[in-house]
Amino acid sequence: MFKDKTYVYRANIYLEEDSRVTDLSYMFDGCHQFERCGGYVKSPVTTTAGMFRGCASYTESNSPSYTVSLPDTILDMGSMFYQCEALESLDLSSFNTSS
């Protein structure tokens, strides 16, 4: 969707339960100056692979306005934060990793 758009800095994602979106793969791939993402995803997303890949400026913020709530239906998160050099830590406590 925003792949390789170097001018994208911040985004809010809101996907309701009735949304048919299941794949967020590579959504912001290559957005080198992308910093923060907020919102919530209630739709049955199954793939977020490479979603922030190559977002060298991406940082996670503790600010509620920049927190993304993801559903427990995600099966593939491979390389989701690959090459996010500015990212120092992630709070994964809300992720269901039981399966």
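Relevant structure appears above.
Residues numbered from 1 in each chain as written. Predicted model: local features only at pLDDT ≥ 70, side-chain atom pairs only at ≥ 80, totals over all residues. Heavy atoms only, no water.

### Here we look at the overall build of the protein chain
In step 1: The secondary structure content of the protein chain amounts to zero helices and three strands.
In step 2: Written out in order from the N terminus, the α and β elements of the protein chain read β-β-β.
In step 3: Counting across all 99 residues of the protein chain, residues that qualify as buried make up 33%.
In step 4: Contacts in the protein chain between residues far apart in sequence, at least 24 positions, make up 76% of those at least 6 positions apart.
In step 5: As displayed, the protein chain offers around 6,200 Å² of accessible surface, 47% of which is attributable to carbon and sulfur atoms. (Helix = DSSP H or I, 4+ residues; strand = E, 2+ residues; numbered from the N terminus. Buried < 20%, exposed > 50% of the residue type's maximum accessible area, 1.4 Å probe, protein only. Contact = heavy atoms within 4.5 Å. Areas by Shrake-Rupley, 256 points an atom, 1.4 Å probe, with all protein chains shown as cover.)

### Focus: the nonpolar core
In step 1: Grouped together as the largest cluster of nonpolar side chains are 20 residues, with contacts concentrated most on Ile13, Phe28, Phe34, Met51, Phe52, Cys55 and Tyr58.
In step 2: Contributions of two or more residues to this core are made by strand S1 (10–15) and strand S2 (36–41).
In step 3: Here this core takes three residues from S1, the largest share from any one element.
In step 4: Excluding residues within four positions of it along the chain, Met51 makes contact with Ile13, Leu24, Tyr26, Met27, Phe28, Asp29 and Met80. (Core = buried A, V, L, I, M, F, W, Y, C linked by side-chain atoms within 4.5 Å.)

### Topic: the packing of aromatic side chains
In step 1: Taken as a whole and judged by the stated rule, the model has nine aromatic pairs.
In step 2: Ring geometry for Phe28 against Phe52: centres 5.7 Å apart, planes inclined by 0 degrees, an arrangement best described as stacked. Note that Phe28 is positioned in the loop between S1 and S2 and Phe52 in the loop between S2 and strand S3 (68–69), a separation of 24 residues in sequence.
In step 3: On the basis of relative accessible area, Phe28 is assigned to the buried category, the value being 1%.
In step 4: For the pair Phe52 and Phe81, a centre-to-centre distance of 5.5 Å together with 15 degrees between the ring planes defines the contact as stacked. Within this pair, whereas Phe52 is found in the loop between S2 and S3, its partner Phe81 is found in the segment after S3, the two being separated by 29 residues in sequence.
In step 5: Its relative accessible area of 3% is what places Phe52 among the buried residues. (Phe/Tyr/Trp six-rings, centres within 6.5 Å; stacked < 30°, edge-to-face > 60°.)

### Brief notes about the pattern of salt bridges
In step 1: Per the stated rule, a full pass over the model turns up two salt bridges.
In step 2: A salt bridge links Arg10 to Glu35, with the nearest nitrogen and oxygen atoms 3.3 Å apart. Note that Arg10 is positioned in strand S1 and Glu35 in the loop between S1 and S2, a separation of 25 residues in sequence.
In step 3: The class of Arg10 is partly exposed, set by a relative accessible area of 46%.
In step 4: For the salt bridge of Arg53 with Asp29, the shortest nitrogen-to-oxygen distance reads 3.8 Å. (Salt bridge = Lys/Arg side-chain N within 4 Å of Asp/Glu carboxyl O.)

### Side note on the state of the cysteines
In step 1: One pass over the structure, following the stated rule, counts zero disulfides.
In step 2: No disulfide involves Cys31; its sulfur sits 5.3 Å from that of Cys55, the nearest cysteine.
In step 3: Since its relative accessible area comes to 0%, Cys31 is described here as buried. (Disulfide = S-S within 2.5 Å.)

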